[in-house]
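A closer look at the structure
For reference, the chains in residue letters:
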Amino acid sequence: TALEDRLQDSVPTTIAAMRKTGLRVWVLTGDKVETAIEIAKSCRLIDANMSLVTLVGAGSPGECMRILREAQATKLKGTQLARGMVLDGQSVSHILSDEA
């Protein structure tokens with residue numbers, strides 16, 4: 001697909017190897033959320049066995065914090081799945097605000 005054509009050779013295997021070592025990998029992109037998720041899947045940053053926290057379109061710092069607390073509570077309950085997070089710019093702005 002066109003998404004896979006944008007990836008350089010060995011990107012998926014390199015990212016998968018990095019994740020296996022426990023390294024946390026972040027990607028910042030200006031793409032639409034849906035496109036960013038598909039690219040992350042193509043390069044093995046996100047996989048089918050991963051618990052994905054999606055924080056997109058949050059209306060306030062309080063809403064962001066509620067979603068993040070719920071995600072943390074799920075982790076504390078013993079969920080051992082690898083975890084990923086998708087954030088949009090609006091949500092990041094809320095998280096970094098003085099109100100959060």
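Reference entry: report on the structure contained in this document. Everything numeric in this text was worked out from a predicted model, so none of it was measured. (Residues numbered from 1 in each chain as written. Predicted model: local features only at pLDDT ≥ 70, side-chain atom pairs only at ≥ 80, totals over all residues. Heavy atoms only, no water.)

What helix 3 (residues 33-42) keeps buried is the set A36, I37 and A40. The buried residues of helix 3 occupy an angular sector of 100 degrees when the element is viewed end-on, so they sit on one face. Just downstream of helix 3 lies R44, where phi reads positive at about 65 degrees. (Buried < 20%, exposed > 50% of the residue type's maximum accessible area, 1.4 Å probe, protein only. Helix = DSSP H or I, 4+ residues; strand = E, 2+ residues; numbered from the N terminus. Arc of directions from axis to C-beta.)

What follows covers unusual backbone geometry. Here the phi dihedral of S10 falls at roughly 75 degrees; this positive angle occurs in a residue that is not glycine. Relative to the assigned elements, S10 resides in the loop between helix 1 (2-6) and helix 2 (11-20). Residue class for S10 comes out partly exposed when judged on its relative accessible area of 45%. One non-glycine residue, R44, lies in the positive phi region at around 65 degrees. Looking at the element boundaries, R44 is found in the loop between helix 3 and strand 1 (51-55).

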